[in-house]
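The chain contents come next:
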Amino acid sequence: MLVKINNLSYIYNPNTPFEKKALDNINLQIDEGDFIGLIGHTGSGKSTLVQHLNGIMKSTSGSIIVDGINIYDKDANLREIRQKVGLVFQYPEHQLFEETVYKDIAFGPKNLGLKDEELKQRVKSSMELVGLDYDTLKDRSPFELSGGQKRRVAIAGVIAMKPKLLILDEPTAGLDPSGRDEILDEIRKLYLKEGITIILVSHSMEDVAKLSNRILVMHEGKIIINDETREVFKKASELEEIGLGIPQITSFMREFKSKGNDVRDDILTVEEAKEEILKYLRRNKNA
Amino acid sequence: MLRDITIGQYFPGDTIIHKLDPRVKIIIIGLFIASLFFINSFYPYILILLFIGIVIKIAKLPIKFILKGLKPLYFIILITLFINIFMTKGEVLFTIGPLTVTKEGISMAVFMALRLVFLITGTSLLTLTTSPIALTDGIEKLLSPFKIIGLPAHELAMMMTIALRFIPTLLEETDKIMKAQMARGADFESGNILNRAKNLVPLLVPLFINAFRRADELATAMEARCYRGGDNRTRLNELKLKNYDIAILLSQIAFFGFIISTRYI
Amino acid sequence: MFYGNKKDGVQNMDDIMIKTDKVTYEYKSNIDDSVQTAVKDLSIEVKKGEFLVILGHNGSGKSTLAKMMNGLLLPTRGEVYVSGMNTKDEDKIWDIRSKAGMVFQNPDNQIVATIVEEDVAFGPENLGVPPKEIRKRVDEALSTVEMLEYKHHAPYLLSGGQKQRVAIAGILSMNPECIIFDEPTAMLDPNGRKEVMGTIKKLNKDEGKTIVLITHYMDEAVKADRILVMSDGEIALEGTPKEIFRQVEKVKELGLDVPQVTELAYELRKEGIDIRNDVLSIEELVDLLC
């Protein structure tokens, strides 16, 4: 168990006419090795929730335990928490500030007290993890890189802190399809090779379906669905009720099944759909 | 903290003070400020207080809101009090260590502090009852005669509008970048002044870069919407002086004229 | 109404909204001063009333092309005509920009004023339209984008989709014949995207505006009359949505997506299933397989 959240609530402008419950009694457990897709509308509380996990926002009530440390403890070291829980914000390239790619990525680990060879190793390995070539790029200014590269520098800056839990808030926002696929591939690699637990906040059902093994759906400050990915997309009507969709391919399979065809309807990718339809067609041919 | 600042904030309403022509309001507040610097005794302050009170009453402004506007300036008001109490020579009342307190000092301190409070309150009366757009329109119109001597009246007003438009956006952005750097272990809260200033670099550099990017995009968007400076520009809401605007302006000129003249009586 | 002259060489000028004639755009790289070509020798025509989508990955030259369509950028070589007016003609530039309005990606960075209706009035104010007429146009534009009830609001309190609709109203109030959208939904959430796409379709169908939509979302391109796919500053593919997306491999090579059902139909065909290859919607594929 990596994170345990108990009865967490956060209220904006308490005791004023503008009072708003951004988080409403959240209970959640995140285990090591989870790849969680966090979905919900703008204003559903997703971003507020993830900003609580590394102690950047402080709850109105409730508790959060990260890797055995109660983060609201008086003695809790916030730097240690922020090292364990890495948070990549939306459009992270907007926070780059150093003269070189190397210095920018080194900012986090330096704040943790790393120096010399160890620091260099950290920067180098995190650049490799996000697919940036260390030797050609380390001395370049981050501001003259392409949009996709800038974003990867920013993500590397968080990975360089070696978090146990990595949270990415809309990491593909504004990228074109190939840029999006590259970033998602790297996130998958981080998960599979480095064993980092991941929370992916996203609007794209297709992306979440492809990558995550568990999905949290937030609505009006509450977690309304917390289940395995395949199970979640079976609840299409529940999702549609709050205005969220399911991947087009899942939707197609459900539609196809509803016409009286005996196929699985918990399909998540085009590849799976192809297998299932081929099986179905061959069955029918033989019958 | 940044959200507590009420100076420059608009308190929407539908009163005659709100509807008064912004040019008239700017001139009246100009007179108000000028008269504060002419006043040399306590008595005219009663009239000033009366003026503030009546405006607050008619414009239906909550007193709390106005007091909140003074809050960020407590420190400056305290310094004013402090300096005047100890720096004014005169009849010594008592001494604390090397500091002497005089009767004139106390009187001067209260006088100066009141002037400051009135100055702030008066100015906030203008901004609380005038929308930023009306305010910039008013300034533009009032300054336009000075165009002949090369004063860029329209450009100044446009700059003010854009600044007002982007303040909330930039505040939000500051908050976001701050959080993002804190997530990477940045510390904005501890250390001595020198360290703190140094720690601001990861906040200020991205903020400036983003502001330049925004400015660049905004300029392109304005160009695409046919913006070419103030010449031949029309306005959705043109300012027109009505009779009651003129009446109020004249009455206030007389009122503040009287206050100013008290200095010479 | 049209200011074109015979020398322009435009035929059927009444039907053509925008025409680019062998345009090239070159710029100096800010890294090593080398000359980069964003758009290469490109000739296209946008017909009046058309809904044209320009697809392409980042850096394919699509935004540069868009900025040349209303004179924000002038071509290094070649000519661009808007309603027969050459964008190089300095006397016509304001006519061109009010005729071919442009909506940009970031809703925050194109709203000028602190009140919604003042912002919508910005364009006509710049054009010197009389106040009464501005009032009329502002109200009409805001009701077209369904934002009339927000006319006294501060833009920063609106959602992304609402801000973008205000930006669209700000262009509509200039009475353009054509609106060029430069990735208008790239920064929006799914709801915002839906709102903005709904508005764009409405402008095309109900208001008869010519639409040029630049995007990299394929689901927005599916509803177009015609699609141009750009790559390296040139047109890589051109055709109706069905003609484009049936070329699954080619589209993916160009760094773009195809709808998941189109991809499924394509994969099934590869496996020897006899199925049309130009499927775009769930319903079509369900019908074909049943």
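All of these numbers come straight from a predicted model, not from anything done at the bench. The numbers attached to residues start from 1 for each chain and follow its sequence in the written order. Lettering for chains starts from A, numbering for ligands starts from 1, and both go in the order in which the items are written. pLDDT decides what is reported in this predicted model: residues at 70 or higher carry local features, side-chain atom pairs at 80 or more are listed and counted, and totals for whole chains, interfaces and linings draw on all residues regardless. Heavy atoms throughout the structure, all of them, feed into the side-chain values; hydrogens and water do not.

This next bit is on the interface of chain A and chain B. Contact definition: two residues touch when any of their heavy atoms are within 4.5 Å. With 23 residues of chain A in contact, the opposing surface of chain B contributes 18 residues. Taken together, the two surfaces of chain A and chain B that pack against each other cover about 1,700 Å², and 60% of this comes from carbon and sulfur. The term buried area refers to how much accessible surface (probe radius 1.4 Å) is lost by two components on association, counted for both of them together. The largest share of the area that chain A buries against chain B comes from His94(A), Gln95(A) and Phe97(A), three residues that together contribute 32% of it. When a carboxyl oxygen of Asp or Glu lies within 4 Å of a side-chain nitrogen of Lys or Arg, that pair is called a salt bridge. At the surface where chain A touches chain B, the tally comes to one salt bridge. Here a polar contact is recorded for every N or O atom pair within 3.5 Å, except that within protein the pair must consist of a potential hydrogen donor and a potential acceptor, and residues adjacent in sequence are included only if both atoms are side-chain atoms. At the boundary of chain A with chain B, the tally comes to eight residue pairs in polar contact (both at pLDDT 80 or more). Secondary structure elements are taken from DSSP: a helix is a run of H or I of four residues or more, a strand is a run of E of two residues or more, and numbering for both begins at the N terminus. Residue contributions to the side of chain A that touches chain B peak at five residues, all from helix H3 (residues 101–111) of chain A. Residue composition of the side of chain A that touches chain B, by class: twelve nonpolar, eight polar and three charged. Here the term charged refers only to Asp, Glu, Lys and Arg, the term nonpolar to Ala, Val, Leu, Ile, Met, Phe, Trp, Tyr, Cys and Pro, and the term polar to all other amino acids, Gly among them.

Moving on to helix H6 (residues 190–205) of chain C. Residues and elements named next belong to chain C. In this scheme, a helix's expected span is set at 1.5 Å multiplied by one less than its residue total. Between its terminal C-alpha atoms H6 stretches 22 Å, which fits the 22 Å expected from 16 residues at 1.5 Å a residue. Only protein chains enter the accessibility calculation, which uses a 1.4 Å probe; a residue is then buried when its area is under 20% of its type maximum, exposed when over 50%, and partly exposed in between. For H6, the set of buried residues is Gly192, Arg193, Val196, Met197, Thr199, Ile200, Leu203 and Asn204. The buried residues of H6 occupy one face: seen down the axis, they fall within an arc of 155°. Exposed side chains of H6 directed beyond 90 degrees from the buried face belong to Lys194 and Lys205. Arc definition: it is the arc formed by the directions from the helix axis to the C-beta atoms.

With that out of the way, let us pick up the state of the cysteines. Note on disulfides: each one is a pair of cysteine sulfur atoms within 2.5 Å. Applying the stated rule across the entire model yields zero disulfides over all chains. The cysteine Cys226(B) is free of any disulfide, with Cys178(C) supplying the nearest cysteine sulfur at 14 Å. On the accessibility criterion, Cys226(B) (0% relative accessible area) is buried. Accessibility expressed as a relative area gives 0% for Cys178(C), which makes it buried.

UniProt positions are given in the numbering used here, feature names are shortened, and annotations may be inferred rather than shown by experiment. According to UniProt, the positions carrying the feature "transmembrane region" (unreviewed entry) are residues 26–52, 73–94, 106–128 and 148–167 of chain B. Annotated as 85% helix and 0% strand, the span residues 26–52 of chain B places its first and last C-alpha atoms 15 Å apart.

Residues and elements named next belong to chain C. DSSP-based pairing: two strands are paired if at least 2 bridges between them are found. Taken in spatial order, the six strands line up as S6-S7-S8-S3-S9-S10 in an open sheet, and their pairing is mixed. Among the strands making up the open sheet, the edge pair consists of strand S6 (100–103) and strand S10 (234–239). Sheet twist, expressed as the average angle between the axes of neighbouring strands with direction ignored, equals 20°. Running over the sheet, helix H5 (residues 160–172) touches S6 and strand S7 (178–182) and is turned about 165° from S6. In this analysis, axes come from line fits to C-alpha atoms, helices being fitted only over the stretch in contact, and the angle between any two N-to-C directions falls in the range 0 to 180 degrees.

Of the residues lining the interface, 30 residues belong to chain B; the matching set on chain C comes to 38 residues. Between chain B and chain C, the buried area comes to about 3,100 Å², and carbon and sulfur atoms account for 57% of it. Together, Arg165(B), Arg225(B) and Leu236(B) form the three largest contributors to the area buried by chain B at its contact with chain C, with a combined 28%. On inspection of chain B and its partner chain C, the count reaches six salt bridges. Per-element tally for the side of chain B that touches chain C: the top contributor is helix H10 (residues 201–224) of chain B, with nine residues. Considered class by class, the residues forming the side of chain B that touches chain C number 14 nonpolar, six polar and ten charged.

Pairs were defined over the aromatic rings of Phe, Tyr and Trp, the Trp ring being its six-membered one, requiring ring centres within 6.5 Å. Orientation was assigned from the angle between planes: stacked under 30 degrees, edge-to-face over 60, tilted for the rest. Counted according to the given criterion, the structure contains 18 aromatic pairs over all chains. Seen in terms of ring centroids, Tyr45(B) and Phe118(B) are 5.1 Å apart; in terms of plane orientation they differ by 70°. Their pairing is edge-to-face. Here Tyr45(B) is found in helix H3 (residues 43–58), whereas its partner Phe118(B) is found in helix H6 (residues 103–129), with 73 residues between them in sequence. The pair Tyr45(B) / Phe118(B) is uniform in exposure class, with both members buried. A ring pair is formed by Phe82(B) and Phe86(B), whose centres lie 4.9 Å apart and whose planes are at 65°; its orientation type is edge-to-face. One end of the pair is Phe82(B) and the other is Phe86(B), both in helix H5 (residues 74–87) and four residues apart, which spans about a single turn. Judged by relative accessible area, Phe82(B) falls into the partly exposed class, the value being 49%. By relative accessible area, which is 17% here, Phe86(B) ends up buried. What links up through ring pairs into an aromatic cluster is the set Phe32(B), Phe51(B), Phe255(B) and Phe256(B). Consider the ring centre and the ring normal. A charge sits over the ring if Lys NZ or Arg CZ is within 6 Å of that centre and within 35 degrees of that normal. If you follow Lys58(A) out to its NZ or CZ, it ends over the ring of Tyr72(A), 4.3 Å from the centre.

With that settled, consider the nonpolar core. In these notes, a set of buried Ala, Val, Leu, Ile, Met, Phe, Trp, Tyr and Cys residues joined through side-chain atoms within 4.5 Å is what counts as a nonpolar core. With 49 residues, the main nonpolar core has Phe181(C), Ile227(C) and Phe245(C) as its most contacted residues. Ranked by the residues each element gives to this core, the list is headed by H5(C), at five residues. Those residues in contact with Phe245(C) that lie beyond four places of it in its chain are Leu55(C), Met218(C), Ala221(C), Val222(C), Ile227(C), Asp257(C), Val258(C), Pro259(C), Thr262(C) and Leu280(C). Among the nonpolar cores identified, the runner-up in size contains 42 residues, and Val3(A), Leu53(A), Val201(A) and Leu203(B) belong to it.

This part takes up the side chain of Asp104(A). By the element assignment, Asp104(A) lies in helix H3. In this structure Asp104(A) comes out as buried when scored by relative accessible area, which is 1%. Each residue touching Asp104(A), except ones within four places of it in the same chain, is listed here: Leu96(A), Phe97(A), Glu98(A), Pro142(A) and Arg184(B).

Here we take up the sheet that holds strand S5 (residues 85–86) of chain C. All names here are of chain C. Read across the open sheet, the four strands follow the order S2-S1-S4-S5; overall the sheet is antiparallel. A strand with exactly one partner marks an edge of an open sheet, and here the two such strands are strand S2 (35–47) and S5. The pairing of strand S4 (residues 77–82) with S5 spans two bridges and is antiparallel. Opposite Tyr81, over in S5, you have Asn86 as the bridge partner.

Attention shifts here to the environment of Leu281(A). Topologically, Leu281(A) is positioned in helix H12 (residues 270–286). Spatially, the C-alpha atoms of Leu281(A) and Gly157(A) are 49 Å apart, while their sequence positions differ by 124 residues. Residues contacting Leu281(A), with those up to four places away along its chain left out, are Ile273(C) and Leu289(C).

Each pair of packed helices gets described by two things: the angle between the helix axes and the distance between those axes. Residue and element names in this part refer to chain B. Closest axis-to-axis distance for the helix H2 (residues 22–38)/H3 pair is 11 Å, and the angle between their directions is 155°. The angle between H2 and H3 places the two elements in the roughly antiparallel class. The crossing of H2 and H3 is left-handed. Residues Ile28, Phe32, Ser35 and Leu36 of H2 form the contact with H3, whose own contacting residues are Tyr45, Ile48, Phe51 and Ile52. Counted by class, the contact of H2 with H3 contains seven nonpolar, one polar and no charged residues. Small angles under 35 degrees read as roughly parallel and large ones over 145 as roughly antiparallel, with 65 to 115 read as roughly perpendicular and the rest as oblique. Throughout, a crossing is termed right-handed when the near helix is turned clockwise from the far one, and left-handed when it is turned anticlockwise from it by less than a right angle.

With that settled, the discussion passes to the pattern of salt bridges. Tallied over the entire structure, the rule returns 56 salt bridges over all chains. The partner of Glu186(A) in a salt bridge is Arg152(A), and the shortest N-O contact between them spans 3.6 Å. A residue pair is termed long-range when its members are at least 10 positions apart, and Glu186(A) in helix H7 (residues 177–194) and Arg152(A) in helix H6 (residues 147–159) qualify at 34 residues. Take Glu186(A): its relative accessible area is 10%, and that puts it in the buried class. Using a relative accessible area of 11% as the deciding quantity, one classes Arg152(A) as buried. Where Lys179(B) meets Asp175(B), a salt bridge forms, and the shortest distance between an N and an O atom there is 3.6 Å. Within this pair, Lys179(B) and its partner Asp175(B) are both found in helix H8 (residues 153–183), separated by four residues, close to a single helical turn. Look at Lys179(B) and you get buried, because its relative accessible area is 15%. One network of salt bridges, in which partners are shared, links Asp137(B), Arg233(B), Arg235(B), Glu118(C) and Glu125(C).

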